[in-house]
Amino acid sequence: MPGTNLTREEARTRAALLAVDAYEIELDLSSAREGGTFRSTTVVRFTSTEPGASTFIDLVAPAVTEIVLNGRALPLENFADSRIALPGLAAENELRVVADCAYTNTGEGLHRFVDPADGETYLYTQFEVPDARRVFANFEQPDLKATFAFTVTAPAGWVVVSNSPTPEPAGDGDTRVWTFEPTPRMSTYITALIAGPYVGVFDSYDNGAQHVPFGVYCRPSLREFLDADAIFAVTRQGFDYFQEKFDFPYPFAKYDQLFVPEFNAGAMENAGAVTFRDQYVFRSKVTDASYEARAATILHELAHMWFGDLVTMEWWNDLWLNESFATFAEVVCQAESPASQWPHSWTTFANQMKTWAYRQDQLPSTHPIMAEINDLEDVQVNFDGITYAKGASVLKQLVAYVGQDAFFQGVRAYFKRHAWGNTRLADLLGALEEASGRDLRTWSTAWLETAGINVLRPELSVAADGTIESFAVLQEAPALPAGARGEAVLRPHRIAVGLYELVDGKLVRTDRIELDVDGERTAVPQLTGRPRPAVLLLNDDDLSYAKVRLDADSLAVVTAHLGDFADSLPRALCWASAWDMTRDGELATRDYLALALSGLQRESDIGVVQSVQRQVKLALELYADPAWREEGLQRWAAAAQTALHEAPAGSDHQLAWARTLAGAARTDDQLALLAGLLDGSVEIDGLAVDTELRWALLGRLAATGRADEAAIDAELARDNTSSGQEHAATCRAARPTAEAKAAAWASVVESDTLTNYVQEAVIAGFQQPDQRDLLAAYTEKYFASVKQVWETRSHEISQQIIGGLYPSYAVSRATLDATDAWLATADPAPALRRQVVEARAGVERALRAQAADR
Ligand SMILES: [Zn+2]
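How each quantity is defined
Residues numbered from 1 in each chain as written. Predicted model: local features only at pLDDT ≥ 70, side-chain atom pairs only at ≥ 80, totals over all residues. Heavy atoms only, no water. Helix = DSSP H or I, 4+ residues; strand = E, 2+ residues; numbered from the N terminus. Rg over C-alpha atoms; globule rule 2.2 N^0.38 Å. Contact = heavy atoms within 4.5 Å. Areas by Shrake-Rupley, 256 points an atom, 1.4 Å probe, with all protein chains shown as cover. UniProt positions renumbered as here; feature names shortened; annotations may be inferred. Phe/Tyr/Trp six-rings, centres within 6.5 Å; stacked < 30°, edge-to-face > 60°. Buried < 20%, exposed > 50% of the residue type's maximum accessible area, 1.4 Å probe, protein only. Lys NZ or Arg CZ within 6 Å of the ring centre and 35° of its normal. Expected span 1.5 Å × (residues − 1). Polar contact = N/O pair within 3.5 Å; in protein donor to acceptor, adjacent residues only side chain to side chain. Pairing = 2+ DSSP bridges. Axes fitted to C-alpha atoms, helices over the stretch in contact; angles between N-to-C directions. Parallel < 35°, antiparallel > 145°, perpendicular 65-115°, else oblique. Left-handed = near helix turned anticlockwise from the far one by under 90°. Nonpolar A, V, L, I, M, F, W, Y, C, P; charged D, E, K, R; others polar. Salt bridge = Lys/Arg side-chain N within 4 Å of Asp/Glu carboxyl O.

When you go through the protein residue by residue, the secondary structure sums to 27 helices and 28 strands. For 854 residues, the compact-globule estimate of 2.2 N^0.38 gives 29 Å, and the C-alpha radius of gyration of the protein, at 28 Å, lies within 12% of that figure. Based on the C-alpha atoms only, the size of the protein along its principal axes is roughly 90 × 70 × 60 Å. Expressed as a percentage of contacts within the protein between residues at least 6 apart in sequence, the contacts between residues at least 24 apart total 72%. If you sum the accessible surface of the protein, you get close to 30,800 Å²; carbon and sulfur atoms cover 50% of it.

Sequence positions flagged by UniProt for "domain: Aminopeptidase N-like N-terminal" (unreviewed entry) are, in local numbering, residues 104–190. From the first C-alpha to the last, residues 104–190 spans 18 Å; its make-up is 0% helix and 34% strand.

Time to look at the packing of aromatic side chains. Tallied over the entire structure, the rule returns 55 aromatic pairs. Here the aromatic rings of Tyr 122 and Tyr 198 are separated by 5.1 Å at their centres, their planes lie at 75°, and the arrangement is edge-to-face. With Tyr 122 in strand β10 (residues 121–126) and Tyr 198 in the loop between β14 (193–196) and β15 (199–206), this residue pair connects regions lying 76 residues apart in the sequence. Classification of Tyr 198 by relative accessible area gives buried; the value is 3%. Seen from their ring centres, Phe 252 and Trp 420 are 5.7 Å apart, and the 85° between their planes marks the pair as edge-to-face. Taken as a pair, Phe 252 in the loop between α2 (228–246) and β17 (255–260) and Trp 420 in the loop between α8 (404–418) and β21 (422–423) lie far apart in primary sequence, 168 residues in all. For Phe 252, a relative accessible area of 9% corresponds to the buried category. Here Lys 396 stacks its cationic end above the ring of Trp 346, 4.1 Å away from the centre of that ring. The ring of Tyr 401 is capped by Arg 438, whose NZ or CZ atom sits 3.8 Å from the centre of that ring.

So, about helix α14 (residues 606–623). For α14, spanning 18 residues, the distance from its first C-alpha to its last is 24 Å, which sits close to the expected 26 Å at 1.5 Å a residue. In terms of burial, α14 is a largely internal element, 15 of the 18 residues being buried.

Turning to its location among the elements, Asp 853 is positioned in helix α27 (residues 830–853). It is 49 Å that separates the C-alpha atoms of Asp 853 and Ala 117, two residues lying 736 residues apart in sequence. For Asp 853, the contacting residues outside a window of four places in its chain are Ala 588, Thr 589, Arg 590, Tyr 623, Ala 624, Asp 625 and Trp 628. A distance of 3.2 Å separates a polar atom in the side chain of Asp 853 from the backbone nitrogen of Thr 589.

In this section: the sheet that holds strand β25 (residues 506–517). The strand order β25-β24-β27 describes an open sheet built from 3 strands, whose pairing is antiparallel. The two strands at the open ends of the sheet, each matched to only one other strand, are β25 and β27 (535–540). Between one strand axis and the next, the sheet turns by 25° as a mean value, whatever way the strands run.

This part takes up the packing of helix α4 (residues 319–336) against α8. At their nearest, the axes of α4 and α8 sit 14 Å apart, and the two run at 130° to each other. As far as their axial angle goes, α8 and α4 are oblique. Relative to α8, α4 is oriented so that their crossing is left-handed. Side by side, α4 and α8 meet where Phe 325, Phe 328, Val 332 and Glu 336 of the first sit next to Gln 404, Phe 407, Phe 408, Val 411 and Phe 415 of the second. Class assignment of the residues belonging to the contact of α4 with α8 gives a composition of 7 nonpolar, 1 polar and 1 charged.

Applying the stated criterion across every chain yields a total of 57 salt bridges. Across the salt bridge formed by Arg 666 and Asp 770, the nearest N and O atoms sit 3.2 Å from each other. Of the two residues, Arg 666 sits in the loop between α16 (652–664) and α17 (668–679) while Asp 770 sits in the loop between α22 (756–766) and α23 (772–775), which places them 104 residues apart along the sequence. Residue classification places Arg 666 among the buried positions, given a relative accessible area of 19%. Counted as one network, the salt bridges with shared partners bring together Arg 494, Arg 509, Arg 512, Glu 514, Asp 516, Asp 540 and Asp 541.

Where α4 meets helix α5 (residues 345–360), the axes come as close as 8 Å, and the angle between the chain directions of the two elements is 145°. Counted together, Thr 327, Phe 328, Val 331, Val 332, Gln 334 and Ala 335 of α4 and Ser 345, Trp 346, Phe 349 and Met 353 of α5 form the full contact between these two elements. Looking at the contact of α4 with α5 residue by residue, the class counts come to 7 nonpolar, 3 polar and no charged.

Most of strand β11 (residues 147–155) sits out of view: 8 of its 9 residues are buried. Relative to β11, strand β1 (residues 18–28) runs parallel, the two being bridged by 7 bridges. Its bridge partner lying in β11, Asp 28 is registered against Thr 153. Note: β11 against strand β13 (residues 175–179), 5 bridges, orientation antiparallel.

Here the focus is the environment of Gln 397. Within the secondary structure layout, Gln 397 lies in helix α7 (residues 386–402). Residue classification places Gln 397 among the buried positions, given a relative accessible area of 0%. When the C-alpha atoms of Gln 397 and Arg 417 are compared, they prove to be 25 Å apart, with 20 residues separating the residues in sequence. Discounting chain neighbours no more than four positions away, the residues touching Gln 397 are Trp 443, Trp 447, Pro 492, His 493, Arg 494, Leu 543 and Ser 544. Among the polar contacts made by the side chain of Gln 397, one reaches the main-chain amide nitrogen of Arg 494 at a distance of 2.7 Å.

Bringing unusual backbone geometry into the picture now. For the bond from Glu 128 to Val 129, the omega torsion is 10°, close enough to zero to count as cis. Turning to its location among the elements, Val 129 is positioned in the loop between β10 and β11. Residue Asp 81 is not a glycine yet carries a positive backbone phi of 60°. Relative to the helices and strands, Asp 81 resides in the loop between β6 (79–80) and β7 (83–86). The class for Asp 81 is partly exposed, based on a relative accessible area of 26%. One non-glycine residue, Asn 539, adopts positive backbone phi at about 55°. According to the relative accessible area criterion, Asn 539 is buried, its value standing at 2%.

Take the sheet that holds strand β26 (residues 521–523) next. Strand order in this open sheet of 4 strands is β26-β23-β22-β28, and the pairing throughout is mixed. Edge positions in the sheet fall to β26 and β28 (547–548), since each has one partner strand and no second. Summarising the sheet, strand β22 (residues 455–462) and strand β23 (residues 468–476) pair through 8 bridges and their orientation is antiparallel. Residue Glu 459 lies in a different strand from β23, and its bridge partner there is Ala 472.

Structurally, Glu 94 is set in strand β8 (residues 92–102). Using a relative accessible area of 41% as the deciding quantity, one classes Glu 94 as partly exposed. Once the C-alpha coordinates of Glu 94 and Pro 165 are considered, the two residues, 71 residues apart in sequence, prove to be 26 Å apart. Not counting residues up to four positions away in its chain, the partners in contact with Glu 94 are Val 43, Val 44, Arg 45, Val 68, Leu 69 and Asn 70.

In structure tokens form, the structure reads like this:
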């Protein structure tokens, strides 16, 4: 029984048999305000290399009412198991399928959302990986490209956006019909439809010869917060940069960006109709790090218009390359474009992407970047830190290895050669080899076909007078967790070594040596005979992907002066190294806290500040010795309170510390401060207690039993929006009572009516590290229900529950034993097993780190 799965082998067979020409798709969305189902009619023309052969087309729908192949009606029973069997193909085929498809509330397929602010209905599609088949019958695999002509019937007065430019609607009465021009040839997963009374702002990209219309859309209730000009500015920056670097004009007719509700990912690269989570329309003050993240997402999706949409992976095993390229392109554009507002983007990359990659690469589920993707279930759990973050890190290393000019030269040849087609990794590597003259086979095997992180350590010998006698870089093979796939190998690393001195209180780089590290020991004779600098930093500029350790003297200087590096990137590398050592139990949590308390005072990069704040909280909750934990949490909360009062009025730092205190407040005095800020009896100069901050304050008061249901209802009355409803759900689930926990649990596990966003909000409130006693009873309940959840819920919904409700804060041998007992007896499917094993690894790591902190 394939269920909704599709294997790579089936896809290969089907691609060998078929060539798809064109789809005509009619969708009747006149029922959208009521919900339920909608009528979907697909006519697809395709050829078969083997007349008489059979194949199938994909469809996930409550009902099919008509299947006509080449003028012959097929029995409706041919629709089973999310497929329609198509026997007796001709050389040239025309298939017509009429189905009743369902609106969803999970963010998959055609998502339907009703805005409490205006009572209106808003729709959008999300199709990656295999969910176009929830909206129309199609051959759902990326290498069966075709043209798509959508005809949409929808309520009059709506805005309807798709991949092709929006036509004038026709008709009268309550509905209108939008007849879109056919798209260029593309994959099913990047087709899109967004419909509802959205509002748009328009502009264009013009450079003499070229005119590309721009649109930016959101719900009317967010319109007052939509800073379209800032979004257009970043988009224009990307158009300039990518068109020059790729030497290929933007391939589609227009570029719309739509901010949509309850979106599961950050954004989706639908061709010419990119969708974004609408939290990117900021309705309260956010720090500059949020603007930077939004700009990065805008550039990431734009890069996909070439890499992913114009040239597309043949199968999902190259998803990593698709994502890594877009991520690399986004960061390099920010770093190098003259229009960039965030030229320190490699610092942010080191701070966030690298940290994510290192974490994921140490889980038992880690895998080579080139993962075996045997079927759709494999790919759905593979949108992970290896695919996005390690892949992008390794791509950065590849660029350092071949040189950036050669890299882009190869990329230009690749786009010209494969435009509108499908490719494999070898096609890109081949183009890079031609451009650079370097043989990439050894590089590719070592980096892409193996898992884990090498450790680079300095081997340093210094004479009595402070002169370096010898210096070498030692490389260790990755310590792969038990059960991990792949071989532990040494790799070729292109790295820089930075030499830093303390000058007028600042750590300033005085020299930089770039070299190839290969094998176990690489001598660096250039340093022999020179005076030992204050800090020797391996992997300076973050060119390679490795854990880096400092020699004892450098570590002492960095510990005392972390905030004094003149540049943000080495600071970010040292912060990352300290965090990594804490996670590995090489640095006690209490020492990491001490480092953070001193270093954060001088850290100017707000993105780094916010990351360290999150990491300190996590370390205290999970990695601190339980006997000392309360003392650590008290020190952290007190420090946040002091920093909040000392931060410059109106600064991002002030907001970041206010949010940190809202998560950390413990004493009566601190909680009274939160309550005072919320009721207006206390004011802090420059701090705007706006909608989102109010919810953060209330969340902590609810979790500590100082805000009751009435207070939550009152706040929701002030902010009766979808975001308000989600925050209220978090607050209710956070309350420290057995009843609140039971209600939250029941709404998520025992009922399936919550939307993706509300469910996520309830889970966030339910899990409170301060409520370990209240939550203890739920370990057993979790294992009693998790398999059924996985079997009966959609992928997105079950993934939220499996990871979100795992007893992560119950750091104990008993939790590990309960997990092992379940793994041994429940016979979970591989994708479910993987998620539980990953969650278990968090507890195991926390136990080790707690021992180190003792
Ligand atoms: Zn992407």
